[in-house]
Amino acid sequence: MSSRLDRTLAALADPHRRRVVELLRERPRRAGELARALRLNPPALSRHLRTLKAGGLIEEVHPAFDARVRIFSLRPKPMADLKAWLAETERMWSEQLAAFKAHLERRA
Amino acid sequence: MTSRVLISLRVAATPERAFDVFTSEIGAWWRPNDLFRFTPRPPGRLAFERGIGGRFIETLANGKVFEIGRITAWEPGRRLAFTWRQASFAPDQVTTVEVRFEPVGAETRVTVEHRGWDSVPQEHVARHGFPNAVFLQRHGEWWQQLLRGYSDRLS
């Protein structure tokens, strides 16, 4: 069950792939554009894009006018779930520590 | 590679007293939280069994005891660490909590570090029905923070 998040995190454990995510954060981009920006040859870039896709981080679309053109964009969901957990955990502990402090200082 | 939450706050007490109240009176100060309920039943009372290897337990209204985790560090006045599992986690999923007590003048800084949320199933989130807004907020920032966190951890 955790494998999807594991894959998501593993996909980010590489500087080229993080750079792809950074570039896609600005806007969707074509494969060629990404290859130039990262100075990678197309097969090397394809491997990274496959890993990011398997991690559920990015998705690929083809414009209606040309099915050969590959455009990549970020998928918000997987990171959103992890992030939401972390945000909720943080909120939970803030509340717990505030309750702890109130309890401790009330009895001081 | 692990995701973590870090929270700290200052309390007006010595580290020894803060540690003591944190551990021996958790049943009194803990506020049950719907999203982080340990079992599907109504929340019970929490307790630590003192010392390394001691259990962190919730005693339910029907008298049943749920083991949330085990104490892995017990250093009175300094540090406490324990494991944390909710009944809804899969068997191999566990998170860990470390609580540090550091003197700051006459007070104590209490820091909680909760790690391992990346091992928790994504389905868990859906089951608990996070409001959509939580997901839709600030997509760009999510990415940015996450990447920053990653580069910090990896550097």
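Since the model is a prediction, treat every value here as computed from it, not as a measurement.

Chemist: Help me out: how do you make sense of the overall build of chain B in this one?
Modeler: Each helix and strand in chain B was counted, giving five helices and seven strands. Starting at the N terminus and ending at the C terminus, chain B contains elements arranged as β-α-α-β-β-β-β-β-β-α-α-α. At a minimum sequence separation of 6, the contacts of chain B that also span at least 24 residues come to 40%.

Chemist: Please explain the environment of Leu57 of chain A as it appears in this structure.
Modeler: Note on placement: Leu57 of chain A falls in the loop between α4 (42-54) and β2 (58-61). Distance from Leu57 of chain A to Ala11 of chain A, taken between C-alpha atoms, is 8.0 Å for residues 46 residues apart in sequence.

Chemist: Just to check I follow, could you spell out the sheet that holds strand β6 (residues 95-104) of chain B for this structure?
Modeler: Pairing between sheet strands relies on hydrogen bonds along the backbone, with the strands arranged either parallel or antiparallel. Residue and element names in this part refer to chain B. The strand order across the open sheet formed by seven strands is β1-β7-β6-β5-β4-β3-β2, and the pairing between neighbours is antiparallel. The open sheet has two free edges, formed respectively by β1 (4-11) and β2 (45-48), since each of these has just one partner strand. Neighbour to neighbour, the strand axes of the sheet diverge by 20 degrees on average, direction disregarded. As defined by bridge partners, strand β5 (residues 79-84) adjoins β6 across six bridges and the pair is classed as antiparallel. Along β6, the bridge assignment pairs Arg79 with Arg100. Seen against the sheet, helix α1 (residues 15-24) touches β1, β2, β5, β6 and β7 (107-115) and runs at an angle of roughly 150 degrees to β6.

Chemist: Any chance you could explain the packing of helix α2 (residues 15-26) of chain A against α4 of chain A here in plain terms?
Modeler: Two packed helices can be described by the angle between their axes and the distance between those axes. All names here are of chain A. Following both chains from N to C, one finds α2 and α4 inclined at 70 degrees, their axes separated by 10 Å at the closest point. If you check the angle between α2 and α4, you find them roughly perpendicular. Listed contacts from α4 to His16, Arg17 and Val20 of α2 are His48, Thr51 and Leu52. Broken down by class, the residue content of the contact of α2 with α4 amounts to two nonpolar, three polar and one charged.

Chemist: Sorry, what's going on with the pairing of β2 of chain B here?
Modeler: Consecutive side chains along a regular strand alternate between the two faces of the sheet. Residues and elements named next belong to chain B. Examined bridge by bridge, β2 and strand β3 (residues 55-59) share four bridges and lie antiparallel to one another. Each residue of the ladder has a partner; that of Ala47, found in β3, is Ile57. Adjacent in sequence and paired antiparallel, β2 and β3 are bridged by six residues, among which Gly51 carries a positive phi angle near 95 degrees.

Chemist: I tried to follow α2 of chain A on my own but got confused; where do I start?
Modeler: Residue pairs spaced three or four apart in an α-helix point in one direction, given the helix's 3.6 residues per turn. Residues and elements named next belong to chain A. Between its terminal C-alpha atoms α2 stretches 17 Å, which fits the 16 Å expected from twelve residues at 1.5 Å a residue. Those residues of α2 not exposed but buried are Arg17, Val20, Val21 and Leu24. Around the axis of α2, the buried residues are gathered within 100 degrees of arc, so they sit on the same side. With respect to the buried face of α2, the exposed residues turned more than 90 degrees away are Pro15 and Glu26.

Chemist: Explanation requested: the sheet that holds strand β3 (residues 71-74) of chain A in the structure shown.
Modeler: Residues and elements named next belong to chain A. Read from one edge of the open sheet, three strands run β1-β3-β2, paired in antiparallel fashion. Looking at which strands have only one partner, the edges of the open sheet turn out to be β1 (29-30) and β2. Each of β1, β2 and β3 is contacted by α2, which is oriented at about 90 degrees to β3, the strand it contacts most.

Chemist: Got a minute to help me understand the environment of Glu105 of chain A in this structure?
Modeler: Take Glu105 of chain A: it is sitting in helix α5 (residues 77-106). Ignoring sequence-local partners within four residues, the contact set of Glu105 of chain A consists of Val11 and Ala12 of chain B.

Chemist: Please clarify how unusual backbone geometry should be interpreted in this entry.
Modeler: Peptide bonds are trans in most cases, and residues, glycine excluded, mostly fall at negative phi. Of note, the phi angle at Arg39 of chain A is positive, near 55 degrees, even though the residue is not glycine. Among the secondary structure elements, Arg39 of chain A is positioned in the loop between α3 (31-38) and α4.

Chemist: Quick question: what am I supposed to make of the nonpolar core here?
Modeler: Nonpolar side chains in soluble globular proteins tend to be buried together. If you look at the biggest cluster of nonpolar residues, it comprises 24 residues, and the most contacted ones within it are Leu104 of chain A together with Ala18, Phe22, Val99 and Val110 of chain B. Every element with two or more residues in this core is listed here: α5 of chain A together with β1, α1, β2, β5, β6 and β7 of chain B. Setting aside its immediate chain neighbours within four residues, Leu104 of chain A contacts Val11, Ala13, Ala18 and Val21 of chain B. Val21, Leu45, Leu49 and Ile58 of chain A belong to the second largest nonpolar core, which has 14 residues in total.

Chemist: Explanation requested: α4 of chain A in the structure shown.
Modeler: All names here are of chain A. Taking 1.5 Å of rise per residue, the 13 residues of α4 would be expected to cover 18 Å, and the 18 Å separating its terminal C-alpha atoms lies within 8% of that figure. The set of residues buried in α4 consists of Leu45, His48, Leu49, Thr51 and Leu52. Looking straight down α4, one finds that the buried residues subtend no more than 155 degrees of arc, so they occupy a single side. Of the residues in α4, the exposed ones pointing more than 90 degrees away from the buried face are Pro42 and Pro43.

Rules used throughout
- Residues numbered from 1 in each chain as written.
- Chains lettered and ligands numbered in written order.
- Predicted model: local features only at pLDDT ≥ 70, side-chain atom pairs only at ≥ 80, totals over all residues.
- Helix = DSSP H or I, 4+ residues; strand = E, 2+ residues; numbered from the N terminus.
- Contact = placed C-beta atoms within 7 Å.
- Pairing = 2+ DSSP bridges.
- Axes fitted to C-alpha atoms, helices over the stretch in contact; angles between N-to-C directions.
- Parallel < 35°, antiparallel > 145°, perpendicular 65-115°, else oblique.
- Nonpolar A, V, L, I, M, F, W, Y, C, P; charged D, E, K, R; others polar.
- Expected span 1.5 Å × (residues − 1).
- Buried ≥ 20, exposed ≤ 12 C-beta atoms within 10 Å, placed from the backbone.
- Arc of directions from axis to C-beta.
- Core = buried A, V, L, I, M, F, W, Y, C linked by C-beta atoms within 7 Å.

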